[in-house]
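# Structural description and commentary
Each chain is listed here by its residues.
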Amino acid sequence: MSASGGTRAIVAALLANLGIAVTKFVAFGLSGSSSMLAESIHSVADSGNQALLLLGGRRATRKATPQHPFGYGRERYIYAFIVSIVLFSVGGLFALYEAYHKYHEQTGPKGPHGIESWHWLPVVVLVIAIILESFSFRTAIVESNAVRGKASWREFVRRAKAPELPVVLLEDLGALLGLIFALIGVSMTLVTDDGRWDAAGTAAIGILLVTIAVILALETKSLLLGEAASPEDVQRIEQAITEGSEVERIIHMKTLHLGPEELLVAAKVAVRPYATAAELAEGINSVEARIRNSVPIARVIYLEPDIYRNAEQPADGVPELKGA
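Note that this is a predicted model, so its numbers are computed, not measured.

## Comments concerning the overall build of the protein
The helix and strand inventory of the protein stands at 9 helices and 3 strands. Burial analysis of the protein (324 residues in total) assigns 45% to the buried set. Of the contacts made within the protein by residues no fewer than 6 positions apart, 75% connect residues no fewer than 24 positions apart. Accessible surface, the protein: about 16,400 Å² in total, of which carbon and sulfur atoms supply 63%.

## Re unusual backbone geometry
Phi at Asp193 is positive, roughly 60 degrees, even though this residue is not glycine. Take Asp193: it is sitting in the loop between helix H6 (164-192) and helix H7 (196-225).

## Overview of the environment of Ile301
Its place among the elements puts Ile301 in strand S3 (residues 298-306). For the pair Ile301 and Ala266, spaced 35 residues apart in sequence, the C-alpha to C-alpha distance is 5.9 Å. When near neighbours in sequence (up to four residues on either side) are disregarded, Ile301 contacts Val265, Glu288, Ile291 and Arg292.

## Here's the deal with the sheet that holds strand S1 (residues 247-259)
Strands sit in the order S1-S2-S3 across an open sheet of 3 strands; the sheet is mixed. At either end of the open sheet lies a strand with only one pairing partner, and these are S1 and S3. The average undirected angle you get between the axes of adjacent strands in this sheet is 15 degrees. With 10 bridges connecting them, S1 and strand S2 (residues 262-271) associate as antiparallel partners. In the strand pairing of S2, Arg249 is matched with Ala270. Here helix H8 (residues 231-242) sits on the sheet in contact with S1 and S2, set at roughly 140 degrees to S1. Lying over the sheet, helix H9 (residues 277-294) contacts S1, S2 and S3, oriented at roughly 145 degrees with respect to S3.

## A few points about H9
Along an α-helix, residues three or four apart share an orientation, since each turn contains 3.6 residues. Along its 18 residues, H9 runs 26 Å from first to last C-alpha, staying within 8% of the 26 Å computed at 1.5 Å per residue. For H9, the complete set of buried residues consists of Gly283, Ile284, Val287, Glu288, Arg290 and Ile291. Each buried residue of H9 lies within a common arc of 160 degrees when the element is viewed along its axis, so the set occupies one face. The outward face of H9, more than 90 degrees from its buried face, is lined by the exposed residues Ala278, Glu282 and Asn293. Check the buried side of H9 and you find it contacts H8, S1, S2 and S3.

## Quick word on H8
When the terminal C-alpha atoms of H8 are compared, their 17 Å separation across 12 residues agrees well with the 16 Å that a helix rising 1.5 Å per residue should span. By the burial criterion, the buried members of H8 are Asp233, Ile237, Ala240 and Ile241. In an axial view of H8, the angular spread of the buried residues amounts to 100 degrees, which keeps them on one side of the axis. Turned more than 90 degrees from where H8 packs its buried face, Pro231 and Gln235 sit exposed. Here the buried face of H8 lies against S1, S2 and H9.

## What about the nonpolar core?
Across soluble globular proteins, nonpolar side chains have a tendency to be buried as a group. By size, the foremost hydrophobic cluster in this structure holds 38 residues, and its most contacted members are Leu53, Leu87, Leu126, Val167, Val168, Ile212 and Leu216. Mapped by element, the contributors of at least two residues to this core are helix H1 (3-31), helix H2 (34-59), helix H3 (75-106), helix H4 (121-148), helix H5 (153-159), H6 and H7. Here this core takes 10 residues from H6, the largest share from any one element. With residues up to four places along the chain from it excluded, the contact list for Ile212 reads Leu87, Leu170 and Gly174. Of all hydrophobic cores here, the second largest spans 18 residues; its members include Leu263, Tyr274, Ile291 and Ile301.

## Brief notes about the side chain of Lys161
Its place among the elements puts Lys161 in the loop between H5 and H6. Apart from residues no more than four positions distant in its own chain, Lys161 is found in contact with Tyr77, Leu223, Glu227, Ala228, Ser230, His257 and Pro260.

Conventions adopted
- Residues numbered from 1 in each chain as written.
- Predicted model: local features only at pLDDT ≥ 70, side-chain atom pairs only at ≥ 80, totals over all residues.
- Heavy atoms only, no water.
- Helix = DSSP H or I, 4+ residues; strand = E, 2+ residues; numbered from the N terminus.
- Buried < 20%, exposed > 50% of the residue type's maximum accessible area, 1.4 Å probe, protein only.
- Contact = heavy atoms within 4.5 Å.
- Areas by Shrake-Rupley, 256 points an atom, 1.4 Å probe, with all protein chains shown as cover.
- Pairing = 2+ DSSP bridges.
- Axes fitted to C-alpha atoms, helices over the stretch in contact; angles between N-to-C directions.
- Expected span 1.5 Å × (residues − 1).
- Arc of directions from axis to C-beta.
- Core = buried A, V, L, I, M, F, W, Y, C linked by side-chain atoms within 4.5 Å.

And the structure:
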């Protein structure tokens, strides 16, 4: 993923959400709509999330240290996981709580009642918010299209190694759907003078945000645990290793993303007989150079030369001890 593309999408979403949050809070203060309050908190949570993604991207660029010899690239995954927690708690659970509170208020002694003042202000604010959020969503789509290739949107979200664009995409999608739910709830409340529609819209927003937060958490957890290179990159690496005369075959190989744009490659390779250690070292260096040319993000490469034996090789390269 292009780091600049991800940053553009994050900044666009951050600016949109900050402006939208202010207008929503004003509309809530004047009308008392629970859907507007839920959407206000949703926009605040989204703004905080985009700030977290920007912070994570900046901290991930720190240089490696003796304590962290592989650098800080995976810190972007940590901040993306925090985003899912914020979206779940501050956005989703708060909306569900507000829906519960609003519903019981509507079933209390006063009975169902609608918005009591500034009746059409929430509708105007929501329509404007939908327009602004659409521009943010469009930016995220354009930036994602530049890197997702032929993958479907589902495959892009599941297979992307850089978390920022999938996070912004899902957040913007959730924001648009949430605004539509709020608009339906507020409009039906105005038509029927029954605030339970407002509570239903708020509940729909909460369920939506919880669902998106769970999806983000599951996908980010996989990145935190450590994912291998994509099948396309694995194929390029294997081809780069074996296309020269230095290596006869790959005995076994493992890859691991140290960050979105940094890949570790470790392989045990069967080499042809070399006359001297210097020739062997030169051959290994040539293979490493081909790997980096084929897959530029393969920045950490460990190649172990070996002599191939016509026997089954275990995946970890450690022979199994068998009894006599």
